[in-house]
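Take a look at the letters that make up each chain.
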Amino acid sequence: MCKLDLTTAYPQYYSAEPRPHLVDFPPAAYLCVNGQGRPGGHEFERMAAAVTALAYGVKHLAREEGRDFYMPKLESLWWGDGGADVLETPPERCNWKLLLRMPEFVSSPSVEAVRPEVVLRKQNSDILDVRFEYLEEGASMQMLHVGPPDSLPQAVRALRAALAERGFTPCGPLHCLYLSDRKKSSPQRRRIIIRYPVG
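Residues numbered from 1 in each chain as written. Predicted model: local features only at pLDDT ≥ 70, side-chain atom pairs only at ≥ 80, totals over all residues. Heavy atoms only, no water.

Caption draft 1: Just the state of the cysteines, in detail. In this structure the tally under the stated criterion is 0 disulfides. Not engaged in a disulfide, the cysteine Cys-171 finds its nearest cysteine sulfur in Cys-176; these two sulfurs lie 16 Å apart. No disulfide involves Cys-176; its sulfur sits 11 Å from the nearest other cysteine sulfur, which is in Cys-94. We classify Cys-176 as buried; its relative accessible area is 2%. (Disulfide = S-S within 2.5 Å. Buried < 20%, exposed > 50% of the residue type's maximum accessible area, 1.4 Å probe, protein only.)

In structure tokens:
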């Protein structure tokens, strides 16, 4: 059985240069769940566990149907309340949406087919809040950040400055794609793609 690796199937999506650069992405399907609070905080990790559990359920169903895939990288969208600047928002009040990209052959019915069994097996009602959605960011500017989480705001400001220099403005929330396993990698070597859709 061929096992799909999204990072090799979509290399542009899962790679970035250290300097800001423009990219363009078509719509893609995700499992997603919303929350509020600091990155890596209690609610963040709780909801990450919920979306990951459902993704594994979808993966097992796909494997039974002869279409297996590797688990995707965790992603997140970030914004402040009422349009407030996320960098000026206290961490405990930051809004986020966690994302796990799904292969093209995964659909909403396949997600709903496995949800009851996953909720029962995991005894986790948070899985009921996970949704199947399409996200279309289109033209975006991104860059690769390597370093501890507390240095990320500086990188986001650099990305925004590059946007302004080219006459663009962000037209959506900050998008973070975690290339490194946040629980296994050292903070100094953590690799995160940061991205803004542009207008």
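Caption draft 2: Spatial organisation of the packing of helix α2 (residues 42–64) against helix α3 (residues 108–122). In the contact formed by α2 and α3, the axes pass within 9 Å of each other and the chain directions differ by 120°. Of the possible angle classes, the one that applies to α2 and α3 is oblique. α3 is crossed by α2, and the crossing has right-handed handedness. Each of Ala-53, Leu-54, Gly-57, Val-58 and Leu-61 in α2 lies in contact with α3, whose residues at this interface are Ser-110, Val-111, Ala-113, Val-114, Arg-115, Val-118 and Lys-122. Taken together, the residues that form the contact of α2 with α3 break down as 8 nonpolar, 2 polar and 2 charged. (Axes fitted to C-alpha atoms, helices over the stretch in contact; angles between N-to-C directions. Helix = DSSP H or I, 4+ residues; strand = E, 2+ residues; numbered from the N terminus. Parallel < 35°, antiparallel > 145°, perpendicular 65-115°, else oblique. Left-handed = near helix turned anticlockwise from the far one by under 90°. Contact = heavy atoms within 4.5 Å. Nonpolar A, V, L, I, M, F, W, Y, C, P; charged D, E, K, R; others polar.)

Caption draft 3: Region of the structure containing the pattern of salt bridges. Taken as a whole and assessed by the stated rule, the structure comprises 11 salt bridges. Taking the shortest distance from any N to any O, the salt bridge between Asp-68 and Lys-59 comes out at 2.9 Å. We note that Asp-68, like Lys-59, is buried. In this structure, the salt-bridge partner of Lys-97 is Glu-133, at a minimum N-O distance of 3.1 Å. Of this pair, Lys-97 sits in strand β6 (residues 95–101) while Glu-133 sits in strand β7 (residues 131–135), and the two are 36 residues apart along the sequence. Here Lys-97 falls in the buried class, since its relative accessible area comes to 17%. Overall, Glu-133 belongs to the partly exposed group, its relative accessible area being 25%. In this structure, a network of salt bridges that share partners links the residues Lys-97, Arg-131 and Glu-133. (Salt bridge = Lys/Arg side-chain N within 4 Å of Asp/Glu carboxyl O.)

Caption draft 4: Looking closely at the packing of aromatic side chains. Enumeration according to the criterion identifies 6 aromatic pairs in this entry. Ring centres of Tyr-13 and Phe-25 lie 5.2 Å apart, and the angle between their planes is 75°; on these two criteria the pair is classed as edge-to-face. On the criterion of sequence distance, the pair formed by Tyr-13 in the loop between α1 (6–9) and β2 (21–25) and Phe-25 in strand β2 is long-range, its members being 12 residues apart. Of the two residues examined, Tyr-13 and Phe-25, each falls in the buried class. The structure contains a cluster of three or more aromatic residues connected by ring pairs, namely Tyr-13, Tyr-14 and Phe-25. Across the ring face of Phe-69, the terminal group of Lys-59 is positioned such that the distance to the ring centre comes to 5.9 Å. (Phe/Tyr/Trp six-rings, centres within 6.5 Å; stacked < 30°, edge-to-face > 60°. Lys NZ or Arg CZ within 6 Å of the ring centre and 35° of its normal.)

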